[in-house]
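Each chain, letter by letter, is given below.
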Amino acid sequence: MNEITKKNEKKELKISNKHFEIVLKISLIIGIIIVSGFIIYYLVNPEPGYVTFGILNEDKKAENYPTEASVNETISFHLTVGNHLDRNFTFGFKIKKGNSNTILSSSGSNGTLYLTLGNFTLKPNQGKIYGNYSISFAEAGVNQKIIAELWEINNKTEEYFNIMYLRLNITN
C-alpha cells in the first residue's frame, strides 16, 4: 500500500467514527426522551385501583369448597374484601340462594335474597374477612348456588359492584 492510500483510509476511518459518534449521541438522546416520556406518563396516569372480593370456606381458606350437601345441611362460609382504591370503600353484601335456573350476570343475579349485610367501610390498602355465614337448602337439586353480591354504598344509595358464587349438588 502506498502512503496516499493509507492516509485516505485513516481519513475515512475518522469520518466514519465521527458519523458513528453522532448517530450514537442522537440514539442516546432519543432513548432518554422515550424513557422519560414513559416515566412521566406513569406518574400522571397511575394504574387504577381495584377491590378484591371472594368467598372462603369455613376454615377461612380459598380451597376445598363444598360441592355436595344434603337437604337442610348447614354450609358455612366467609366473605373477604380488600380495598386497593385510593379512597375509602363503603359496601354491603347480599347473600342469595339460587338453582339451575338462576341467572348470574355482570349486573347481579335473580337469586332469592337470603340475607343482607351492610355498611362496612375499608380504608385504602385494607382488607378484612367477614362473617361465618351459614345457609342450607330445603330441596334437593343439581347446580344449586350460594351467591354473594358486593354492593358499594355511596351517599346511602347502593350500586352493584361484583358477584361470587358456589355451585352445589344438594341430595336427599
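Everything below is about the structure printed above this text.
As a starting point, this report considers the structure included with it. Note that the coordinates shown come from a computational prediction; the quantities given were computed from them, not determined experimentally. In this numbering scheme, every chain counts its residues from 1 along its sequence in written order. Where totals are concerned, whole chains, interfaces and linings use all residues; where local detail is concerned, this predicted model gives features only for residues with pLDDT of at least 70, and gives and counts side-chain atom pairs only at 80 or more. Side-chain calculation: all heavy atoms of the structure are included, whereas hydrogens and water are not.

## Quick word on a nonpolar patch on the surface
Phase 1: The patches reported here contain residues having more than 30% relative accessible area and no salt bridge. Joining distances are 9 Å for like charges and 5 Å for nonpolar side chains (Val, Leu, Ile, Met, Phe, Trp, Tyr). Computed by Shrake-Rupley with a 1.4 Å probe, the accessible areas treat only the displayed protein chains as cover when residues are assessed. Any carboxyl oxygen of Asp or Glu that lies within 4 Å of a side-chain nitrogen of Lys or Arg is treated as forming a salt bridge with it. On the surface, Val-35, Ile-39, Ile-40, Tyr-42, Leu-43 and Val-44 cluster together to form a nonpolar patch covering roughly 640 Å² of accessible area.
Phase 2: The way it works is that DSSP assigns letters per residue, a run of H or I at least four long becomes a helix, a run of E at least two long becomes a strand, and they are numbered from the N terminus. Tracing the backbone through its elements, the reader meets Ile-40 in helix H1 (residues 3-44).

## Focus on the sheet that holds strand E2 (residues 68-70)
Adjacent strands of a sheet form backbone hydrogen bonds with each other and so pair up, either parallel or antiparallel.
Phase 1: The strand order across the open sheet built from five strands is E2-E10-E9-E4-E7, with neighbouring strands paired in mixed fashion. Both outer strands of the open sheet, E2 and strand E7 (112-122), are each paired with one neighbouring strand and no more. Averaged over all adjacent pairs, the angle separating strand axes in this sheet is 30°, with direction ignored.
Phase 2: We treat two strands as partners when DSSP finds at least two bridges between them. Bridge analysis of strand E4 (residues 89-98) against E7 gives eight bridges, and the strand direction is antiparallel. Across the sheet, Phe-89 pairs through a bridge with Leu-122, a residue of E7. What counts as an axis is a line fitted to C-alpha atoms, over the stretch in contact for a helix, and the angles between N-to-C directions run from 0 to 180 degrees.

## So, the pairing of strand E3 (residues 75-84)
Phase 1: Buried means the residue's accessible area, taken with a 1.4 Å probe over protein chains only, is under 20% of the maximum for its type, while exposed means over 50%, and partly exposed covers the values in between. Burial of E3 is extensive: eight of the 10 residues sit out of reach of the surface.
Phase 2: By the bridge criterion, seven bridges tie strand E1 (residues 50-56) to E3 in an arrangement that is antiparallel. Bridging from a neighbouring strand, Gly-54 pairs with Thr-80 of E3.
Phase 3: When E3 meets strand E8 (residues 126-135), the two strands line up antiparallel, connected through eight bridges. Paired with Gly-82 across the bridge in E8 is Gly-127.

## Description of the packing of aromatic side chains
Phase 1: Note on aromatic pairs: the rings of Phe, Tyr and Trp (six-membered ring only in Trp) are paired at centre separations within 6.5 Å, and the planes decide the class, stacked below 30 degrees, edge-to-face beyond 60, tilted for the rest. Summed over the entire model, instances satisfying the criterion amount to 11 aromatic pairs.
Phase 2: The interplanar angle of 40° and the centroid separation of 5.7 Å between the aromatic rings of Phe-91 and Phe-120 together place this pair among those described as tilted. Taken together, the residues Phe-91 in strand E4 and Phe-120 in strand E7 connect sequence positions 29 residues apart.
Phase 3: Taking relative accessible area as the criterion, Phe-91 reaches 0% and is therefore assigned buried.
Phase 4: It is Lys-94 that lies over the ring of Trp-151; its NZ or CZ is 4.1 Å from the centre.
Phase 5: Only when the NZ atom of a Lys or the CZ atom of an Arg is both within 6 Å of the ring centre and within 35 degrees of the ring normal do we say a charge sits over the ring. Directly above the aromatic system of Phe-137 lies the positively charged group of Lys-97, at a separation of 5.3 Å from the ring centroid.

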